[in-house]
Amino acid sequence: MTEKEELLSLRQSLHQHNYNYYVLNAPTIGDQEFDMQMHRLQELESKYPELFDANSPTQRVGSDLSNEFQTVVHKRPMLSLSNTYNQQEVSEFYHRVEEGLKGDAFQICCEMKFDGLSISLHYEKGRLVRAVTRGDGTQGDDVTENVRTIRSIPLVLPEGLDYPDEFEIRGEVLMPFDVFEKLNKERESKGEQLFANPRNAASGTLKSKDPRVCAERKLDAYLYYLLGDGIPGESHYDNLQCAKRWGFKISDEMRLANGLDEIFEYINHWDTERHHLPFATDGIVLKVNSLSQQRSLGLTAKSPRWAIAYKFQAEQVSTILREVTFQVGRTGVVTPVANMDPVLLAGTIVKRATLHNADVLASLDLHIGDHVLVEKGGEIIPKIVGVDEQYISDDRGEKVEFVSLCPECGTPLVRNEEEAATYCPNDECRPQLLGRIEHFISRKAMNIDSLGPETVDKFFSDGLIHDASDLYELTFDKLCPPPLDLFGNPIPYNDKKEHLLEKNILAGIEESKNVPFERVLFAMGIRFVGEIAAKALARNFKSIDALKSATLEQMLEVNGIGMVIAQSVINWFAEDRNLQFVEKLRRNGVQLALTETELSAQSETFAGMSIVISGVFQHHSRDEYKAIIEQHSGKNVGSISAKTSFVLAGSNMGPAKLEKANKLGVRIVSEDEFLSMLK
Ligand code: IVH
């Protein structure tokens, strides 16, 4: 087999293993073998860039090309379903269908109503060519790059099956509960805003501008509607069975019902059973099965007459409110939390519920001892929807009011007009101090991954650290004070294997002294100074000292730095404790300036230029080219416009990009030409 043949056969094999794992849930090879094949494929693809394929299994990790979604008009409008909320309305639907079909026998396909966001996938000759969100039903966003990272969506279908040359398949993109919970935990530990439910998380992820974010977050997708000329089946159910054979993930929960009784049986079963599914559902969808019957029933302007959604009632229970506590988050925001008598709700025991903010709390008019109604709707976190009126008496307990002082540090709380959140303005308040240390060690900052939030918490409580700069003054003896002998003399450790954890932590901290200045600046947690601003400031001012003495005007001259950031930097350096923080970092050898190598690598060659990178390269990776452009004072942008200075084009530049560049008269620069510009 030649290497090119090997490349093609690896692609096929990896598509198959991917399907076994993500669709069938039945892998036939181990992770290691899978990774080995993937590495070999990557190696071969970089050797033969002319064989580039956007649908290769290697493309699932997401490229670093930032997305700017194009709006696409749907080939066939994406209608919605009309909703019903009780069995009466379901039988009315059934009888309307009966009447419409003038006595013809019919079957109803019953399916789960997935609570995610709908997606339309287009395949041509067995290859995924486009993925579009529902949008307003007439047009949506082209999210193909992100969808390619969803492992259960096939990129290339096996050859020789009975799919038509062109077809569309629609379904729902979901974030499974376990992925959602993990994501929210991570966000919580970073002090980031939590997603309210898996649907919001899935939608935020699918619309992320960075496909790598989407790749990381492990979305899933179920397909439920096959469309196009020449699709094989005569019925909806048969078509989905075909789609299943072609490699799509189709729900196993789908059933054909004969008559209303069977429909109600299905609805009643899943009303409770759905809580055992690994993803969120909010109802049942009923569809007339035969396609010819669907056609004869037709559509209304908004929804088909042949289908309907039955929405589950959010489960509600009544329990007693015992106490409301106020939690201070890592960013200082104070959230009221209700503590209640434990009660079983939608399969889990609930005893706490968020009350969100001061407005929500006020509108509920809660008193301690009230019977409250708790609901778990689409939201995973249970919420109190009101007081159970039937129990309200004249001698209610004490009214619950929002606190006016911070429960952690006693500082009077503040609330800005137009903002829902109330927060503690004391940035020396414990959760905020911890939040800043956690930000400092996080992956995109100093990347001290031997430390986690729990360890930080413990070190803080033990008085070992007060801010992140104290990490650099930790020693083995401070972390593991040696035991004392009878006379009070320390017994030295002799076993090297002992205290590996602590040694590992210290090694991680030591290692972080090599983190480049721009990330140190980001790690400092200056308000509004995100990764990009930190990079721009570091590259322009080159050292913390130059930045410290920069004037507002000088900062505003930097590309990407506006008034809010500049003022925030100035305020930060005006505080004595921040200056001490910087000095402690300096004393301990943290990078507070660009290194000689970074400095000598810099030039003004591309100053003022906006450069688009497109295609596959031989000498450097796309990431490296991005870094090179920035190093030479240029700006890497995602899409071509009249303002683009030139396109750095490798092989296989997309035809749409090429056409756009030509139309706008934007110069195309080859890889070699680009590199020679730097000489
Ligand atoms: S069929 C013309 N089937 O519900 C019929 N939709 O309001 C088109 N949904 O936007 C939809 N599960 O996002 C269908 N099994 C299912 C579904 C489903 C969830 C969503 C879909 C659509 C909305 C309808």
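In this report, we go over the structure that sits alongside the text. Worth saying up front: this structure is predicted, and the values here are computed from it rather than measured.

1. Examining empty space enclosed by the protein
(1) Moving on: Taken as a whole and judged by the stated rule, the model has one cavity of 30 Å³ or more.
(2) Moving on: Space inside the largest cavity adds up to approximately 50 Å³.
(3) Moving on: Every residue lining the largest cavity is listed: Glu111, Met112, Phe114, Leu223, Tyr224, Leu240, Ile250, Ser251, Glu253 and Met254.
(4) Moving on: Those elements that place two or more of their residues in the lining of the largest cavity are β3 (108-114) and β8 (220-227).

2. Topic: helix α23 (residues 622-631)
(1) Moving on: If you check which residues of α23 are buried, you get Arg622, Tyr625, Ile628 and Ile629. Take α23 and look down its axis: the buried residues cluster within an arc of 115°, on one side only.
(2) Moving on: Elements in contact with the buried residues of α23: β18 (610-614), β19 (635-637), β20 (646-649) and α25 (671-677).
(3) Moving on: Backbone geometry just after α23 places Ser633 at a positive phi near 65°.

3. Here's the deal with the site of the ligand
(1) Moving on: Around the ligand sit 13 residues in total, of which Glu111, Met112, Glu172, Tyr224 and Lys287 are the nearest.
(2) Moving on: The separation between a nitrogen atom of the ligand and a polar main-chain atom of Met112 is 3.0 Å.
(3) Moving on: The protein chains hide 91% of the 520 Å² of surface that the ligand would expose on its own.
(4) Moving on: Within the residue set of the shell around the ligand, elements represented by two or more residues are β3 and β10 (281-288).
(5) Moving on: Ranked by the residues each element gives to the shell around the ligand, the list is headed by β3, at four residues.
(6) Moving on: Taken together, the residues of the shell around the ligand sort by class into six nonpolar, two polar and five charged.

4. Regarding the sheet that holds β18
(1) Moving on: One open sheet holds the four strands; their spatial order is β19-β18-β20-β21, and the pairing between them is parallel. Each end of this open sheet is capped by a strand with a single partner; those strands are β19 and β21 (667-670). On average, adjacent strands in this sheet sit at an angle of 35° to one another, irrespective of strand direction.
(2) Moving on: Each of β18, β19 and β20 touches α23; the most contacted strand, β18, lies at about 170° to it.

5. A closer look at helix α3 (residues 87-100)
(1) Moving on: Its 14 residues place the ends of α3 20 Å apart at the C-alpha level, agreeing with the 20 Å of an ideal helix rising 1.5 Å per residue.
(2) Moving on: Within the sequence span of α3, burial applies to Val90, Ser91, Phe93, Tyr94 and Val97. Along α3, the residues classed as buried sweep out an arc of 155° about the axis, all on the same side.
(3) Moving on: Along its buried surface, α3 packs onto β2 (83-84), β3, α9 (260-273), β10, α10 (291-297) and β11 (307-311).
(4) Moving on: The N-terminus of α3 is capped by Asn86, whose side-chain oxygen sits 3.2 Å from the backbone nitrogen of Gln88.
(5) Moving on: In the stretch just after α3, Lys102 is the one whose phi turns positive, near 50°.

6. Re the side chain of Ser543
(1) Moving on: Checked against the element boundaries, Ser543 lands in the loop between α17 (531-541) and α18 (544-548).
(2) Moving on: You can call Ser543 buried: its relative accessible area is 19%.
(3) Moving on: When neighbours within four sequence positions are excluded, Ser543 is seen to be in contact with Phe517, Leu592 and Ala593.

7. Focus: the packing of aromatic side chains
(1) Moving on: Applying the stated criterion across every chain yields a total of 25 aromatic pairs.
(2) Moving on: Between Tyr266 and Trp270, the aromatic rings sit 6.3 Å apart at their centres with planes inclined by 55°, giving tilted as the arrangement. In this pair, Tyr266 and Trp270 both sit in helix α9, four residues apart, roughly one turn of the helix.
(3) Moving on: Chaining the aromatic ring pairs together yields one cluster made of Tyr123, Tyr163, Phe167, Trp246 and Phe248.

How each quantity is defined
Residues numbered from 1 in each chain as written. Predicted model: local features only at pLDDT ≥ 70, side-chain atom pairs only at ≥ 80, totals over all residues. Heavy atoms only, no water. 1 Å grid on protein atoms, 1.4 Å probe; cavity = no way out; pocket = protein on both sides within 12 Å on 5 of 7 lines; lining within 4 Å. Points joined across faces, edges and corners; volume = space filled by probe spheres on them. Helix = DSSP H or I, 4+ residues; strand = E, 2+ residues; numbered from the N terminus. Buried < 20%, exposed > 50% of the residue type's maximum accessible area, 1.4 Å probe, protein only. Arc of directions from axis to C-beta. Contact = heavy atoms within 4.5 Å. Near = heavy atom within 4 Å. Polar contact = N/O pair within 3.5 Å; in protein donor to acceptor, adjacent residues only side chain to side chain. Areas by Shrake-Rupley, 256 points an atom, 1.4 Å probe, with all protein chains shown as cover. Nonpolar A, V, L, I, M, F, W, Y, C, P; charged D, E, K, R; others polar. Pairing = 2+ DSSP bridges. Axes fitted to C-alpha atoms, helices over the stretch in contact; angles between N-to-C directions. Expected span 1.5 Å × (residues − 1). Phe/Tyr/Trp six-rings, centres within 6.5 Å; stacked < 30°, edge-to-face > 60°.

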